[in-house]
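Okay, here's what each chain looks like letter by letter:
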Amino acid sequence: MKKLLSLLLMVLMLLGGAAFAEENEEDTTPVVAPIVTFKSGFYVGYLDREIKITVSCKNKNSATVPEKYLELRNHRGEVLERAFWRNPRYDLTFSVYVTEDMLGGNKLSVWLDGEKVNETDSFAAFSDISLPRVTRLTPSEPAVGVMIVCSSGASEKQLTDMLNTLDKYGVKGTFYVTGDFVRRNPERIQRIIDAGHELGSHGNNLINMTEVSYARVQENIRELNDLCEETFGVRPRLFCAHLGATNSIVTAIARAEGVEDCLFAIDACDWSDAYKDKVYQMVYRVTSDRVTSGCVVQFHINGYHTAEVLDKALDNWINVKGLRPVTVGELMQLSGRDFPPLPDYGD
């Protein structure tokens with residue numbers, strides 16, 4: 001009997017030792033974190049709405065992380081949402097409800113246990129879609145915004161005539177410039193700035209912003225803003241799209257870049273061949289009853305008879321309608337509107 005008990009004890013010890021060894025072996029198995037990629041490099045979302053942001057796992061067959069939550073963070077380290085990870089996993093979707101503190105631009109990354117697990121960051125522009133772009137505002141006093149679009153075709157005389165006309169009435173306007181205009185005519189831009197006028201952006205290139213990718217929209221705005229800041233030390237805070245081609249997406253991306261999207265309420269049509277010999281019609285467009293307090297009125301520096309049309313418009317607004325012509329930025333201030341905050345991505 002003693003021999004039998006000794007034999008059983010030996011067997012139990014052997015089994016226990018095998019189980020202990022097996023347990024230790026499992027504990028030392030290396031944990032392989034998932035490596036994820038964003039399904040899209042750019043997202044646009046809106047306040048008080050949900051947006052789904054999906055990532056794919058590149059190493060789905062080798063990832064061995066136990067069931068845990070992955071975090072979607074922005075460039076400030078704030079956790080926007082968590083999503084549950086379970087092996088094996090192909091896609092993982094974060095359902096982000098956009099709140100006010102998320103508004104603006106957000107560089108996105110994915111984290112697990114304090115470690116970043118995505119290869120390339122994505123970007124999200126979050127905007128308040130209920131806040132309209134600047135086109136017709138409600139200022140605290142009778143005022144109208146002066147919007148002047150500049151292209152590379154403008155001559156020195158055209159600029160001088162416009163500046164003289166504005167100076168005649170003691171008026172400041174907002175000059176929306178293109179990248180081409182800045183690079184070809186830096187001294188003219190400096191004249192505009194030195195005269196106390198506001199600098200706005202018409203985009204680095206003249207493209208239809210509603211027909212290109214989100215990233216291209218951002219690039220077109222950012223490149224012009226960077227160029228102006230590097231050349232003149234002034235960063236535009238206002239943007240107007242070529243052809244007036246804008247939508248809620250363009251507005252959201254513009255705001256993420258720290259500029260407010262603008263669209264004229266009244267256009268002088270001084271750019272149109274149909275009006276080139278019809279000064280009286282252009283004058284009527286910018287002095288009719290449609291021009292009321294809060295309007296943004298658009299002129300083109302290289303348009304037909306623009307200085308003459310602007311002169312008659314300013315005279316009408318000041319002496320007939322009792323409207324004070326101001327920059328678009330001042331019109332925003334009078335209407336209780338602030339510029340979107342400038343982005344700070346720490347790079």
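Above this note sits the structure.
> Which residues make up the sheet that holds strand β6 (residues 91-97), and what values go with them?
Spatial ordering of the open sheet is given by β1-β3-β6, a layout of 3 strands whose pairing is antiparallel. The open sheet has two free edges, formed respectively by β1 (36-38) and β6, since each of these has just one partner strand. Within this sheet the neighbouring strands show an average axis-to-axis angle of 30°, counted without direction. Sheet topology note: the strand β3 (residues 50-57)/β6 ladder contains 7 bridges and is antiparallel.

> Please give an account of the packing of aromatic side chains that cites residues and values.
Throughout the structure, instances matching the rule amount to 4 aromatic pairs. On the basis of an interplanar angle of 65° and a centroid distance of 5.1 Å, the ring pair of Y69 and F84 is categorised as edge-to-face. In this pair, Y69 sits in strand β4 (residues 68-73) while F84 sits in strand β5 (residues 79-85), placing the two residues 15 residues apart along the sequence. By relative accessible area, F84 is classed as partly exposed at 26%. Ring centres of F299 and W317 lie 6.3 Å apart, and the angle between their planes is 55°; on these two criteria the pair is classed as tilted.

> Break down the pattern of salt bridges for me, citing the residues and quoting the values.
This model, assessed by the stated rule, comprises 23 salt bridges. Between K52 and E50 there is a salt bridge; the shortest N-O distance is 3.2 Å. Between R191 and E156 there is a salt bridge, and its shortest N-O distance comes to 2.4 Å. Separated by 35 residues along the polypeptide, R191 in helix α4 (residues 186-194) and E156 in helix α2 (residues 156-168) bring together distant segments of the chain. Residues joined in a network through salt bridges with shared partners are E156, E187, R188 and R191.

> Now, about the environment of I221: what can you tell me, with residues and values included?
Positionally, I221 belongs in helix α5 (residues 214-232). Note on I221: relative accessible area 0%, which makes it buried. The sequence separation of I221 and K60 amounts to 161 residues, and the corresponding C-alpha distance is 38 Å. Here I221 is in contact with M209, F239, A254, E257 and V259, once residues within four sequence places are set aside.

> Provide a residue-level description of α4, including the pertinent values.
Within the span of α4, buried status applies to R188, I189, I192 and I193. Buried residues of α4, viewed axially, fall in a sector of 145°; they line one side. Check the buried side of α4 and you find it contacts α2, β11 (174-177), α3 (179-184), β12 (198-201) and α5. Backbone geometry just downstream of α4 places G196 in the positive-phi region, at approximately 90°.

> A description of the pairing of β4 should follow, citing residues and the corresponding values.
Where β4 and β5 come together, 6 bridges link them in antiparallel fashion. In the strand pairing of β5, R73 is matched with V79. Counting the residues between successive antiparallel strands, the hairpin from β4 to β5 contains 5 residues, one of them, G77, with a positive phi of roughly 85°. Here 3 bridges tie β4 to strand β7 (residues 104-112), and the two strands are oriented antiparallel to one another. Across the sheet, L72 pairs through a bridge with V110, a residue of β7.

> Which residues make up the pairing of β3, and what values do they have?
The element β3 is extensively covered by neighbouring structure, given that 6 of its 8 residues are classed as buried. One ladder, built from 3 bridges, connects β1 with β3; its direction is antiparallel. Residue pairing for β3: V36 is matched across the bridge by C57.

> Tell me about the nonpolar core, and name the residues and values.
Core analysis: the biggest nonpolar cluster contains 43 residues, and F175, V177, I189, V297, F299 and W317 have the highest contact counts within it. Beyond its immediate stretch of four places on either side in the chain, I189 contacts V177, F181, V182, L199 and F232. Ranked by size, the runner-up nonpolar core spans 25 residues in total, among them V55, L72, L80 and L108.

> For α5, give the residues involved together with the corresponding values.
Count 3.6 residues to each turn of an α-helix, and residues three or four apart come out pointing the same way. With 19 residues, α5 ought to run about 27 Å at 1.5 Å a step, and its terminal C-alpha atoms sit 27 Å apart, in line with that. Within α5, burial applies to V217, Q218, N220, I221, L224, N225, L227, C228 and F232. Once α5 ends, the next one or two residues include G233, with phi positive near 75°.

> Please provide a residue-by-residue account of the packing of α5 against helix α6 (residues 248-256), values included.
Running from amino to carboxyl end, α5 crosses α6 at an angle of 50°, the nearest separation of the two axes being 10 Å. It follows from the interaxial angle that α5 and α6 lie oblique. At the point where α5 passes α6, the crossing takes the right-handed sense. Residues Y214, V217, Q218 and I221 of α5 form the contact with α6, whose participating residues are I249, V250, I253 and A254. Here the residues of the contact of α5 with α6 sort into 7 nonpolar, 1 polar and no charged.

Scoring rules and cut-offs
Residues numbered from 1 in each chain as written. Predicted model: local features only at pLDDT ≥ 70, side-chain atom pairs only at ≥ 80, totals over all residues. Heavy atoms only, no water. Pairing = 2+ DSSP bridges. Helix = DSSP H or I, 4+ residues; strand = E, 2+ residues; numbered from the N terminus. Axes fitted to C-alpha atoms, helices over the stretch in contact; angles between N-to-C directions. Phe/Tyr/Trp six-rings, centres within 6.5 Å; stacked < 30°, edge-to-face > 60°. Buried < 20%, exposed > 50% of the residue type's maximum accessible area, 1.4 Å probe, protein only. Salt bridge = Lys/Arg side-chain N within 4 Å of Asp/Glu carboxyl O. Contact = heavy atoms within 4.5 Å. Arc of directions from axis to C-beta. Core = buried A, V, L, I, M, F, W, Y, C linked by side-chain atoms within 4.5 Å. Expected span 1.5 Å × (residues − 1). Parallel < 35°, antiparallel > 145°, perpendicular 65-115°, else oblique. Left-handed = near helix turned anticlockwise from the far one by under 90°. Nonpolar A, V, L, I, M, F, W, Y, C, P; charged D, E, K, R; others polar.

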